[in-house]
Amino acid sequence: MEDVLRPVAVIGGAVLLTLILVWLTDRGLHRIDAAHPETPLWGLLRRCRIPLRVALCTALLLASFDEAGLKIAADHEAGVGQALTLVLIAATAWLAVRAAAAIVESSYSRYAASGRDAARVRRVRTQVTLIQRVVTAVVIVVAAASMLLTFPAMRAVGTSMLASAGLLGIVAGIAAQSTLGNLFAGLQIAFGDMVRIGDTVVVDGEWGTVEEITLTSLTVRTWDERRITMPVSYFTGKPFENWSRGGAQMTGTVFFHLDHSAPVEKMRQQLLEVLQECPDWDGRSWSLVVTDTTPSTIVVRALVTARDADTLWTVRCEVRERLLEWLRTEHAYALPRISTAPAPPGVPEARHGEDPDARRLSKD
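Residues numbered from 1 in each chain as written. Predicted model: local features only at pLDDT ≥ 70, side-chain atom pairs only at ≥ 80, totals over all residues. Heavy atoms only, no water.

### So, the overall build of the chain
Helix and strand content of the chain: 13 helices and 8 strands. Across the 364 residues in the chain, those meeting the buried criterion constitute 30%. A sequence separation of at least 24 residues applies to 64% of the contacts in the chain between residues at least 6 apart. Of the roughly 22,300 Å² of accessible surface on the chain, 62% is carried by carbon and sulfur atoms. (Helix = DSSP H or I, 4+ residues; strand = E, 2+ residues; numbered from the N terminus. Buried < 20%, exposed > 50% of the residue type's maximum accessible area, 1.4 Å probe, protein only. Contact = heavy atoms within 4.5 Å. Areas by Shrake-Rupley, 256 points an atom, 1.4 Å probe, with all protein chains shown as cover.)

Below, the structure written as C-alpha cells:
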C-alpha cells in the first residue's frame, strides 16, 4: 500500500502545491493590476502563468522524485533527473522570455501613452522591439548551451572545442558574413534612427509603410496590401526615401491640362473653397499657378498640404475630382480640345507627302 500512496503523495503534492502557488501569484498580480491601472506591467505578467507552472512543478519533482519510491525512478535515477533538468531549463528560459516581453511591452505602452512626438514614439517602438528580439535570442542560446552542458559527454567535447575556438570563429564569421551583416545593420537601424516602424518609405519605386523590423529583415506594407520583405542591410547600403523623417506632413501637387481660355483666377478661388470643405487638408499652404504652356493647352498646378502621406493622397484625389467637375459644369470651354477646323480660305491644300510651305515658295 505504501508503494502506491507514497508516489501519489509526492507527485500529487508537487502538482497541488504548484497549482496553489501559481493561483496565489496570479490573484496577487490581478489585485495589483486593478489597484494600479496606469501600469500595465502587472496584467502583462499574468501571461507567465503557464511557464511558471511548468518550471515550479518540474523543480519540485526534481527535488523530491527520489523520495517517491518508484521502482522505475530508482532504476533510471540518472535518466529521470536528466530529463527533469532539461525540462526545468527550457521552462525557465520560456518564463524569462515571457517576463522580458512583459517588461518591454509595459515600458513602451507607458511611454507611448505619455509621448506627444509621434516620430519619437515610433523610434522607441522600433528600439524596444529589436531589444526584445535580442534578449529572446540570448536567452535561447544560453538555455540551449546549458542543456547541452548537462550531458557529461558534451563537457569533454566543449573542452576540446575551446582549443579551436579561434579557428571556428573565423570559419563561422566567413560563412555567416551576410547574416552577421544584417544583424549589425538591424542594430544600426534601431539605434541610428534611420527608419522606424510606421514610417512611410519608398524603396525600389514601391511606396509603403514599415510594418515590422527584425534583426535581419524589414517588412514594408504597400498601399495595395502587399508585403515586401527586404534585408535590413539594404537600408544601410542604398539610398531610400523616408517621408516620415523630420515630420510626417507633406506637400503634394495636382496638374491640369486646360485650354488657353481657362479662368485661372476663378479656378484659384474654387480651389480654396474645395480645400476649406476638405477635412484632410491641414491648412498650412495652398496655391494655384500656371506652370507651363503648349500650342494647344496650358498646365495649371494646384499645390496642397496634408498631415501625412495617406491624407495627402486623399486631398489630391478630392481636389482633382471636384475641380474637374466644376470645370465641366461651369466652364466647359476651359477643357482641352482637339482643333478640327478647316484651313482658312485662300490657302492651297497640300498633296499627300508634300510640304505646303515648300509649294508656296516654289510659286513665289
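From this point on, the discussion continues.
### Quick notes on the packing of helix H11 (residues 264–276) against helix H12 (residues 309–330)
Packing of H11 against H12 brings their axes to within 10 Å, and their N-to-C directions diverge by 135°. Viewed along their axes, H11 and H12 adopt a mutual orientation that is oblique. The handedness of the crossing between H11 and H12 comes out as right-handed. Residues Lys266, Met267, Gln270, Leu271, Val274 and Leu275 of H11 pack against Val315, Val319, Arg322, Leu323, Trp326 and Leu327 of H12. (Axes fitted to C-alpha atoms, helices over the stretch in contact; angles between N-to-C directions. Parallel < 35°, antiparallel > 145°, perpendicular 65-115°, else oblique. Left-handed = near helix turned anticlockwise from the far one by under 90°.)

### Side note on the pairing of strand S7 (residues 281–293)
The pairing of S7 with strand S8 (residues 298–306) spans 8 bridges and is antiparallel. Looking across to S8, one finds that Val290 is bridged to Val300. In sequence, S7 turns back onto S8 through a hairpin of 4 residues. (Pairing = 2+ DSSP bridges.)

### A closer look at a nonpolar patch on the surface
Judged by side-chain polarity, Leu16, Leu17, Ile20, Leu21, Trp23 and Leu24 come together as a nonpolar surface patch covering roughly 580 Å² of accessible area. Within the fold, Ile20 resides in helix H1 (residues 2–35). (Patch = residues over 30% accessible without salt bridge, like charges linked within 9 Å, V, L, I, M, F, W, Y side chains within 5 Å. Salt bridge = Lys/Arg side-chain N within 4 Å of Asp/Glu carboxyl O.)

### Overview of the pattern of salt bridges
Between side chains of opposite charge, a pair can form as their charged atoms come close. Applying the stated rule across the entire model yields 10 salt bridges. Measuring nitrogen to oxygen at the nearest pair gives 2.7 Å for the salt bridge that ties Glu277 to Arg322. Placement of the pair is Glu277 in the loop between H11 and S7 and Arg322 in helix H12, with a sequence separation of 45 residues. Of the charged contacts in the structure, one is a salt bridge between Glu325 and Arg328, with a shortest N-O distance of 2.8 Å. Of the two residues, Glu325 and Arg328 are both situated in helix H12; the distance of 3 residues between them amounts to about one turn of the helix.

### Structural notes on helix H3 (residues 49–64)
Every α-helical turn comprises 3.6 residues, leaving residues that sit three or four positions apart pointing alike. Under the 1.5 Å per step criterion, the end-to-end length of H3 is 22 Å for 16 residues, consistent within 8% with the ideal 22 Å. Residues of H3 that are buried: Pro51, Ala55, Cys57, Thr58, Leu61 and Ser64. (Expected span 1.5 Å × (residues − 1).)

### So, the layout of surface pockets
Unfilled space is identified by rolling a water-sized probe across the atoms. The computed volume of the largest pocket comes to approximately 240 Å³. Lining the largest pocket are Trp207, Trp223, Trp243, Met250, Ala309, Asp310, Leu312, Trp313 and Arg316. The volume enclosed by the second largest pocket comes to roughly 200 Å³. Lining the second largest pocket are 15 residues, and of these Gly198, Thr200, Thr209, Asp308 and Asp310 lie nearest its centre. Among the secondary structure elements, those contributing two or more residues to the lining of the second largest pocket are strand S2 (206–213), strand S3 (217–222) and H12. Per element, the largest residue contribution to the lining of the second largest pocket is 3 residues, and it comes from S2. (1 Å grid on protein atoms, 1.4 Å probe; cavity = no way out; pocket = protein on both sides within 12 Å on 5 of 7 lines; lining within 4 Å. Points joined across faces, edges and corners; volume = space filled by probe spheres on them.)

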